[in-house]
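# Inside the fold
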Amino acid sequence: MKSLVLLAAAAGSVFGASCDRACLKTALDQYLNAVASHKPAAAPLSIGFRQTENAIVKRTGTGLWESMTSLGKVQRRYFDPVEGNAAYFGLIEETGGPAIATVRLKVEDRKITEAEWVISRKNDPGIGQGAGAQATAAYHDVEYLIAHPPPPEKTLAAKDRLSRADLVGITNSYFDGLSAHDGKMIIAHPGC
């Protein structure tokens, strides 16, 4: 009986393994490299893996799996081990030219279960702007992004960090402000 309990505990630690920052970084890098090399089998995808590109569900091996050729000059990675999310923001190279891209991965039991891409391509009307809509340069300015990249990653001292609840509130204020068409609702740095 004792060996059965030990076996169950060992199985739980293997199958329910959490994914810390290093694990999330590895999963994100494997995924991005797999997409750029057009090899879904090279990424730790779960059986039920689901991918969207600009809110459209894509079968594994289609979409960016066919068009992305490499990562671009601007690359930022973000990790949230509490929620099991990893994200990339920056440039990607596609067969049609550079694109600005964001992807959020959900990692469960060390397998990627979701990939949610938002991609801005030159002359692309963007999400929610029907056929025939005009593309806007505000969403696709590769040269500006290269000249003014996001700040580099750094770890703040514990005393300088906001709480997770405050950070979620700040993020939600952005979407609330967009939905209400009221920029005053958005909690932002002065001058932003």
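Residues numbered from 1 in each chain as written. Predicted model: local features only at pLDDT ≥ 70, side-chain atom pairs only at ≥ 80, totals over all residues. Heavy atoms only, no water.

### Brief notes about the environment of Ile119
Within the fold, Ile119 resides in strand S6 (residues 111–121). Ile119 sits 19 residues away from Ile100 along the chain, and the two C-alpha atoms are 5.8 Å apart. Not counting chain neighbours up to four residues away, the residues in contact with Ile119 comprise Glu53, Asn54, Leu64, Glu94, Ala99, Ile100, Ala101 and Asp124. (Helix = DSSP H or I, 4+ residues; strand = E, 2+ residues; numbered from the N terminus. Contact = heavy atoms within 4.5 Å.)

### Let's talk about the pairing of S6
Pairing between strand S1 (residues 45–53) and S6: 5 bridges, direction parallel. Following the sheet pairing, Glu53 is matched in S6 by Trp117. As defined by bridge partners, strand S5 (residues 97–108) adjoins S6 across 10 bridges and the pair is classed as antiparallel. If you follow Glu108 over to S6, its bridge partner there is Lys111. In textbook terms, the turn of a hairpin is the stretch between consecutive antiparallel strands, and for S5 and S6 this stretch comprises 2 residues, one of which, Asp109, has a positive phi near 50°. (Pairing = 2+ DSSP bridges.)

### Brief notes about helix H2 (residues 21–36)
Under the 1.5 Å per step criterion, the end-to-end length of H2 is 22 Å for 16 residues, consistent within 8% with the ideal 22 Å. On its buried face, H2 sits against S1, helix H3 (64–67), strand S3 (68–80), strand S4 (85–94), S5 and S6. The N-cap residue of H2 is Asp20: its side-chain oxygen and the backbone nitrogen of Ala22 are 3.2 Å apart. His38 sits one or two positions beyond H2 and adopts a positive phi of about 65°. (Expected span 1.5 Å × (residues − 1). Polar contact = N/O pair within 3.5 Å; in protein donor to acceptor, adjacent residues only side chain to side chain.)

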